[in-house]
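Take a look at the letters that make up each chain.
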Amino acid sequence: MVATGLLIASLFALALGKPMGRNLQVHEAREDVPDGFSLQGAASPDTTLKLRLALVQSDFAGLEERLYDVSTPSSANYGNHLSKAEVEQYIAPKPESVDAVNAWLTENGISAKTISPAGDWMAFEVPVSKANELFDADFSVYTHEQTGLEVIRTMSYSIPAELQGHLDLVHPTITFPNPYSHLPVVSSPVKAARHAHENFTARAVPSSCSSTITPACLQAIYGIPTTRATESSNKLAVSGFIEQFANQADLKTFLTKFRPDISSSTTFTLQTLDDGENPQNPSEAGVEANLDIQYTVGLATGVPTIFISVGEDFQDGDLEGFLDIINFLLAEDTPPQVLTTSYGQNENTISRNLANQLCNAYAQLGARGTSILFASGDGGVSGSQSSSCRNFVPTFPSGCPFMTSVGATQGVNPETAADFSSGGFSNYFGQPSYQQSAVSSYLTALGSTNKGKFNTSGRGFPDVATQGVNFEIVVDGRQEAVDGTSCASPTFASVIALLNDRLAAAGKSPLGFLNPFLYSTGASALNDVTSGSNPGCSTNGFPAKAGWDPVTGLGTPNFAKLLTAVGL
């Protein structure tokens, strides 16, 4: 209440002092300060802000139509993915938009640089005093009480009326960072007994898999082949953020222990952006990065794997490299066929416009033929991490309809939902047509449970799941076990990469954007998980049920059935 009063007072003061002749219109605003943040006071007028402008894309609706056309198995154009130039034609702002924004920048003495392949993002720096004047804003300092994180934000901003329809958003303005957006997976106690590579038949699951998960467990549970991939053009990319580094010595130890059937010198290649690096000092090995690399290189046997290390010289502001990595891949002529990411945040920390922009970037990469997978989060219905809440908290980007969200399971014969598996319904994105039937069936079966705590018309997530509890990894030379949907996303990504290898060998296109396939032809190739739930917000969360549910999605992979479903 106090923060709101201060906001009204400061906006009123700005309105009184606004120069004559400026026709500004409020463009984005948020009603309240996000949970955990408090207003400290006005930002120093001399503090430099690194601002980004997103220009209105010329024909995203056209690109979306093409995306579904090449991603839907029943379409005649299924698999005919778009080229870099074709995608950019849909995304590049119209010349009049570029001219209008550039004229406004020049009029205000600002020099901006283009930071995206299609020219729809620009960046510039100005002091707080100039930003307040330009955008009729009140940039202030906000502190996150639990972590001490300080940020400069405004609760609203305006743009000239003549830029409406040309300028989509200014960032960072009303979007607050999520201090917990990049937490590594939960560490579990290391188990004393380990049976890393017991002998087993094609259908038998090692008994040790009931307590710890290894590549051999996943191969047995899901029928994932151990034979080497053959197509060097088929690539699997793993994203790395916040100085999480993937250690090659730890990978060698992991492969020696858990994949003795392949060379322990099998490794990954490195790409960097935003001054990213990947130092190999054992003490700098990251739990998250090692997990993601060990369960891609160690599971997608023979698939060329790339670790993309995003540094901290962000071009996308407090998106902390999330958009930068997509623009980096969009700039490539042949981006990787699969990208897995084990990081995310709560949807309510990001503005709708910005969420749309990032979601649209995933659509661009999907249209190029890349499958984009994200861990759904580890807070059940309370968000990316467990927290107190009244209404359910959807995560981002899992609410985006143009990527594949991966939840977590545990146990063997049967698998059950992991109780931390984030899932629910977006408050920003509506239900895409590909999942309407599946979600409708679930909501009917759910009845009045948790009524009013979630958006029944929102995009439901996750889409699929895999095991996510007690994964054996090696960090700094030592074994430990970790939990999280961070275990599940690289696992499912490895399955897709191996399917793509078989498709490439048969002269077929990669799977690309997965969801239209998963919710149609692919649904019967998944193991339905019907028990467990994802509690949070002082409730039991959503229960897993037959068919799709917002805990485990459509279920877990069956490799043999998926091979048939993709036409092999």
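Before reading further, recall that the structure is shown in the block above.
Q: Requested: an account of the packing of aromatic side chains, with residues and values cited.
A: Here the structure, examined in full by the defined rule, presents 27 aromatic pairs. With centroids separated by 6.0 Å and ring planes inclined at 40°, the aromatic side chains of Phe322 and Phe374 adopt a geometry described as tilted. Within this pair, whereas Phe322 is found in helix α9 (residues 322-330), its partner Phe374 is found in strand β16 (residues 371-375), the two being separated by 52 residues in sequence. Given a relative accessible area of 3%, Phe322 falls into the buried group. A relative accessible area of 3% means that Phe374 is categorised as buried.

Q: Account for helix α3 (residues 84-91), naming residues and giving values.
A: Among all positions in α3, only Val87, Glu88, Tyr90 and Ile91 are buried. Buried residues of α3, seen end-on, are gathered within an arc of 155° and therefore sit on one face of the element. If you follow the buried residues of α3, they end up packed against α2 (60-71) and α10 (352-367).

Q: Run through the pattern of salt bridges, naming residues and quoting values.
A: If the charged atoms of two oppositely charged side chains come close together, the side chains can form a pair. For the coordinates displayed, the defined rule picks out four salt bridges. Between Glu88 and Lys84 there is a salt bridge, with its nearest N and O atoms 2.9 Å apart. Of this pair, Glu88 and Lys84 are both found in helix α3, four residues apart, which corresponds to roughly one turn of the helix. Of the charged contacts, one joins Arg459 and Asp463 as a salt bridge, the two residues approaching to 2.7 Å between their closest N and O atoms. For the pair shown, Arg459 and Asp463 are each scored as buried.

Q: So, the pairing of strand β5 (residues 121-127): which residues are in play, and what are the values?
A: Across the seven residues that make up β5, a large majority, five, are buried. Pairing analysis gives seven bridges linking strand β3 (residues 48-55) to β5, with the strands arranged antiparallel. Across the sheet, the residue bridging to Leu53 is Met122, located in β5. When strand β4 (residues 113-114) meets β5, the two strands line up antiparallel, connected through two bridges. The residue bridging Thr114 from the neighbouring strand is Met122, located in β5. In textbook terms, the turn of a hairpin is the stretch between consecutive antiparallel strands, and for β4 and β5 this stretch comprises six residues, one of which, Gly119, has a positive phi near 80°.

Q: Residue-level account of the sheet that holds β3, with values.
A: If you trace the four strands from one edge of the open sheet to the other, you get β4-β5-β3-β9, paired in antiparallel fashion. Each edge of the open sheet is held by one strand with a lone partner, namely β4 and β9 (167-171). The strands touched by helix α4 (residues 95-107) are β3 and β5; relative to β3, the strand with the most contacts, the crossing angle is about 160°. This element, α10, spans β3, β5 and β9 of the sheet and lies at about 105° to β9.

Procedures and definitions
- Residues numbered from 1 in each chain as written.
- Predicted model: local features only at pLDDT ≥ 70, side-chain atom pairs only at ≥ 80, totals over all residues.
- Heavy atoms only, no water.
- Phe/Tyr/Trp six-rings, centres within 6.5 Å; stacked < 30°, edge-to-face > 60°.
- Helix = DSSP H or I, 4+ residues; strand = E, 2+ residues; numbered from the N terminus.
- Buried < 20%, exposed > 50% of the residue type's maximum accessible area, 1.4 Å probe, protein only.
- Arc of directions from axis to C-beta.
- Contact = heavy atoms within 4.5 Å.
- Salt bridge = Lys/Arg side-chain N within 4 Å of Asp/Glu carboxyl O.
- Pairing = 2+ DSSP bridges.
- Axes fitted to C-alpha atoms, helices over the stretch in contact; angles between N-to-C directions.

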